[in-house]
Amino acid sequence: QVQLVESGGGLVQAGGSLRLSCAASGSIFRVNTMTWYRQAPGKQRDVVAAITRGGSTNYADSVKGRFTISRDNAKNTVYLQMNSLKPEDTAVYYCNADVTVSTMRRYDYWGQGTQVTVSS
């Protein structure tokens, strides 16, 4: 199977920065698109940013110009650099990966979530 392990969350003041990481491991043939989601209490889980294996990116309007998604295919790892953080960025951030496993089947996998709290 495949596991996604997230790290990098924490408490930061408004205007500060954090860098999230999400590493996939297991019986992986290929990691396809990787996506960061976030979910605030009582709210829907929303896409923050996504990146294809070839490096094409998409961002939610609310984070454009502030967040940067990147990946290291050799490490099966995706990153989210978050700058100019705002209190409204406070949420649990989840990593998702579309993975082709060793049997050539494709599945979506989720990380455990990491809390990002931005104080004003």
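Residues numbered from 1 in each chain as written. Predicted model: local features only at pLDDT ≥ 70, side-chain atom pairs only at ≥ 80, totals over all residues. Heavy atoms only, no water.

Turning next to the state of the cysteines. In the structure shown here, the tally under the stated rule is 1 disulfide. The disulfide that involves Cys22 links it to Cys95, with 2.2 Å between the sulfurs. In this structure, the disulfide formed by Cys22 and Cys95 twists by about -85 degrees around the S-S bond and is classed as left-handed. Here the residue Cys22 occupies a position in strand E3 (residues 18-26), and Cys95 occupies one in strand E9 (residues 91-101), the gap between them amounting to 73 residues. Here Cys22 matches Cys95 in class, with each residue buried. (Disulfide = S-S within 2.5 Å. Helix = DSSP H or I, 4+ residues; strand = E, 2+ residues; numbered from the N terminus. Buried < 20%, exposed > 50% of the residue type's maximum accessible area, 1.4 Å probe, protein only.)

Once that is clear, we can look at the pattern of salt bridges. Here the structure, examined in full by the defined rule, presents 4 salt bridges. Salt-bridge contacts for Arg38 lead to Asp89; the nearest nitrogen and oxygen are separated by 2.9 Å. Of the two residues, Arg38 is situated in strand E4 (residues 28-39) and Asp89 in the loop between strand E8 (77-82) and E9; the sequence distance between them amounts to 51 residues. With a relative accessible area of 13%, Arg38 lands in the buried category. Overall, the relative accessible area of 1% leaves Asp89 in the buried class. (Salt bridge = Lys/Arg side-chain N within 4 Å of Asp/Glu carboxyl O.)

Glancing now at the sheet that holds E3. If you walk across this open sheet you meet the 4 strands as E1-E3-E8-E7, and the pairing is antiparallel. Each end of this open sheet is capped by a strand with a single partner; those strands are strand E1 (2-7) and strand E7 (67-72). Each strand of the sheet is rotated relative to its neighbour by a mean of 15 degrees, with strand direction disregarded. (Pairing = 2+ DSSP bridges. Axes fitted to C-alpha atoms, helices over the stretch in contact; angles between N-to-C directions.)

For the rest of this paragraph, the subject is the pairing of E9. The buried count for E9 comes to 10 of 11 residues, which makes it a mostly enclosed element. Relative to E9, E4 runs antiparallel, the two sharing 9 bridges. Paired with Arg30 across the two strands is Thr100, which belongs to E9. In the sheet, E9 pairs with strand E11 (residues 114-119) via 3 bridges, with the strands oriented antiparallel. Within E11, the residue paired with Val92 across the bridge is Gln115. Where E9 lies against strand E10 (residues 106-110), 5 bridges are found, and the strand directions are antiparallel. Residue Val99 lies in a different strand from E10, and its bridge partner there is Tyr107. Following E9, the chain reverses through 4 residues before pairing antiparallel with E10; Met104 in that reversal takes a positive phi of roughly 75 degrees.

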